[in-house]
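Here are the chains, one letter per residue:
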Amino acid sequence: MSELRWNPILREWVATATHRMDRPQLPKDWCPFCPGSGRVPDDYDVYIYPNDFPTFRMPPPKPSMEGTGLLQVAPSAGVCDVVLYTPEHDTTLAQLPVSHIVKLVRLWRRRFRELASMPEIHYVFIFENKGEVIGVTMPHPHGQIYAFPYIPPKVQRELDSAQEHYESTGRCLFCDVMEEEKRDRRRVLAEGEGFFVVVPFYARWPFEVHITSLRHMGNIEEFWEEEIQGLARILKFVLLKYNNLYGFSFPYIMVLHQAPTDSRDYPYYHFHIEFYPPYRSRDKLKYLAGCESGAGTFINDSAAEEKAAQLRAVPPHTLEEVD
Ligand code: ZN
Ligand code: ZN
Ligand code: FE
């Protein structure tokens, strides 16, 4: 059973996907993503693999029941991809050379374009869940792409604020926030190669990091060649800093926030990437507890300025050190 159920109280869709209960949990003896599995090419650099347990698919299955006026049901139309970062099973994105990460950025771009061209797809969501504490079920280095039939609510909220700011000031909200962060400097980790890296003023997670394109643009399709190369280096810069913080491979959620692909124009939206690492210190995890889950307010037990200083203190110190 796989369908969208509408919550009229929170005004959001919940995707039900009961078949996902059957997913393998960290299989030790076999990996479908490794060359030789019969499921992927014997020779690849980076590869799009159709998710075996998709939340969205095309064509979608018929919903299991009919909705009512209030409790609506919709087919879970969309696409779920697994993005294989490398044929090597025992590595991570942070350990790959920048030249290889460039191939990943190109693949994201190509797949974004393909999915964006599908009329049913209103939002292309590229992300990675990394680490067992995040709930990763397959250890092979990979990310995912969910192509949604609607604009997901967190992005919609960003769009609404950006639109309002644009209409009242004529400027981009993301550009304006970036200018304030640049003036302040205390939370900045890097600037260069076409991107700006910061622990945002309003970080929810202690080590939350945002990467924003210096140029005002809505999605990865608008990248110049230098920005493709630059993003690869910037990504590795952030991931190496994370790993060097406590000397272990740092778990995180990474999400790309881009303009929707529903054929409307979003001149006020601005490409950025957000990282949410669950650790708040070497051996303590942050959980989404009552206040976060029940009230929607995050309690961050550290100041973004301190965490930025901590991240600045560990290598790499400059973008040039990363290759
Ligand atoms: Zn593998
Ligand atoms: Zn902007
Ligand atoms: Fe965002």
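Throughout what follows, the structure given in this document is the object of discussion.

Cut-offs applied
Residues numbered from 1 in each chain as written. Chains lettered and ligands numbered in written order. Predicted model: local features only at pLDDT ≥ 70, side-chain atom pairs only at ≥ 80, totals over all residues. Heavy atoms only, no water. Donors = N, O, S within 2.8 Å, 3.2 Å for Na, K, Ca; no water. Tetrahedral: all angles 85-135°; square planar, octahedral: opposite > 155°, others 65-115°. Helix = DSSP H or I, 4+ residues; strand = E, 2+ residues; numbered from the N terminus. Buried < 20%, exposed > 50% of the residue type's maximum accessible area, 1.4 Å probe, protein only. 1 Å grid on protein atoms, 1.4 Å probe; cavity = no way out; pocket = protein on both sides within 12 Å on 5 of 7 lines; lining within 4 Å. Points joined across faces, edges and corners; volume = space filled by probe spheres on them. Nonpolar A, V, L, I, M, F, W, Y, C, P; charged D, E, K, R; others polar. Expected span 1.5 Å × (residues − 1). Core = buried A, V, L, I, M, F, W, Y, C linked by side-chain atoms within 4.5 Å. Contact = heavy atoms within 4.5 Å. Pairing = 2+ DSSP bridges. Axes fitted to C-alpha atoms, helices over the stretch in contact; angles between N-to-C directions.

So, the coordination of the zinc ion (ligand 2)
Any two of four tetrahedral donors ideally make an angle of 109.5 degrees at the metal, while pairs among six octahedral donors ideally make 90 or 180 degrees. Every protein donor of the zinc ion (ligand 2) is listed here as Cys172 (SG), Cys175 (SG), His216 (ND1) and His270 (ND1), and their distances to the metal cover 2.0 to 2.3 Å. Because the angles between the 4 donor atoms bound to the zinc ion (ligand 2) fall within 105 to 115°, the donor set is best described as tetrahedral. Between consecutive donor residues of the zinc ion (ligand 2), the sequence gaps follow C-x2-C-x40-H-x53-H. Note that Cys172 is positioned in the loop between α2 (153-169) and α3 (173-184) and His216 in the loop between β10 (209-213) and α4 (225-246), a separation of 44 residues in sequence.

Quick look at the coordination of the zinc ion (ligand 1)
For the zinc ion (ligand 1), every protein donor is listed as Cys31 (SG), Cys34 (SG), His89 (ND1) and His140 (ND1), and the spread of their distances is 2.0 to 2.3 Å. For the zinc ion (ligand 1), the 4 donor atoms are set out with angles of 103 to 119° between them, so the coordination reads as tetrahedral. All donors of the zinc ion (ligand 1) belong to a single chain; written as a sequence motif, their spacing is C-x2-C-x54-H-x50-H. The exposure class of Cys31 is buried, given its relative accessible area of 10%.

Describing empty space enclosed by the protein
Scanning the entire structure with this criterion turns up 1 cavity of 30 Å³ or more. Roughly 40 Å³ of volume is contained in the largest cavity. Looking at the largest cavity, the residues that line it are Thr92, Leu93, Ala94, Lys130, Leu239, Tyr242, Asn243, Ser249, Phe250 and Tyr252. The element contributing the most residues to the lining of the largest cavity is α4, with 3 residues. Residues belonging to the lining of the largest cavity are distributed by class as follows: 6 nonpolar, 3 polar and 1 charged.

Description of α4
Its 22 residues give α4 an end-to-end C-alpha distance of 34 Å, which sits within 8% of 32 Å, the value for a rise of 1.5 Å per residue. Of all 22 residues that make up α4, 16 are buried, and the element is covered over most of its length. Looking one or two residues past α4, Gly247 carries a phi angle of roughly 75°, positive in sign.

Quick look at the layout of surface pockets
As a volume, the largest pocket reaches approximately 2200 Å³. Around the largest pocket, the lining comprises 50 residues; the ones closest to its centre are Pro153, Lys154, Val155, Arg204 and Tyr276. When residues of the lining of the largest pocket are assigned to their parent elements, the largest contribution, 8 residues, is made by α2. Among the residues making up the lining of the largest pocket, the classes are represented as 30 nonpolar, 9 polar and 11 charged.

Looking at the nonpolar core
Residues Trp108, Ile211, Leu231, Leu235, Tyr242 and Phe275 are the most contacted members of the largest nonpolar core, which totals 58 residues. Tallying contributions element by element places α4 first for this core, with 11 residues. Excluding residues within four positions of it along the chain, Ile211 makes contact with Phe195, Phe196, Val197, Leu231, Ile234, Leu235, Val238, Phe271, His272, Ile273 and Phe275. With 24 residues, the next largest nonpolar core counts Ala74, Tyr123, Ala162 and Phe174 among its residues.

Some words on the environment of Glu179
Examined against the element boundaries, Glu179 turns out to sit in helix α3. Under the relative-accessibility criterion, Glu179 is labelled partly exposed at 37%. Along the backbone, Glu179 and Leu214 are 35 residues apart, and their C-alpha atoms lie at a distance of 10.0 Å.

Looking at the side chain of Asn243
Within the secondary structure, Asn243 sits in helix α4. With a relative accessible area of 17%, Asn243 lands in the buried category. With sequence-adjacent residues up to four places away left out, Asn243 is seen in contact with Ala94, Lys130, Phe248, Ser249 and Phe250.

Some remarks on the environment of Ile299
Locating Ile299 in the fold gives a position in the loop between α5 (290-295) and α6 (304-313). Distance from Ile299 to Ala289, taken between C-alpha atoms, is 9.5 Å for residues 10 residues apart in sequence.

Let's talk about the sheet that holds strand β6 (residues 123-130)
The strand order across the open sheet formed by 9 strands is β3-β5-β7-β6-β11-β12-β10-β9-β8, and the pairing between neighbours is antiparallel. The sheet is open, and its two edges are formed by β3 (47-50) and β8 (188-192), each paired on a single side. Sheet twist, expressed as the average angle between the axes of neighbouring strands with direction ignored, equals 20°. With 5 bridges joining them, β6 and strand β7 (residues 142-148) adopt antiparallel strand pairing. Bridge pairing links Ile126 to Ile145 in β7. On the sheet, helix α1 (residues 98-116) packs against β3, β5 (79-84), β6, β7 and β11 (252-257) and is oriented at approximately 165° with respect to β5.

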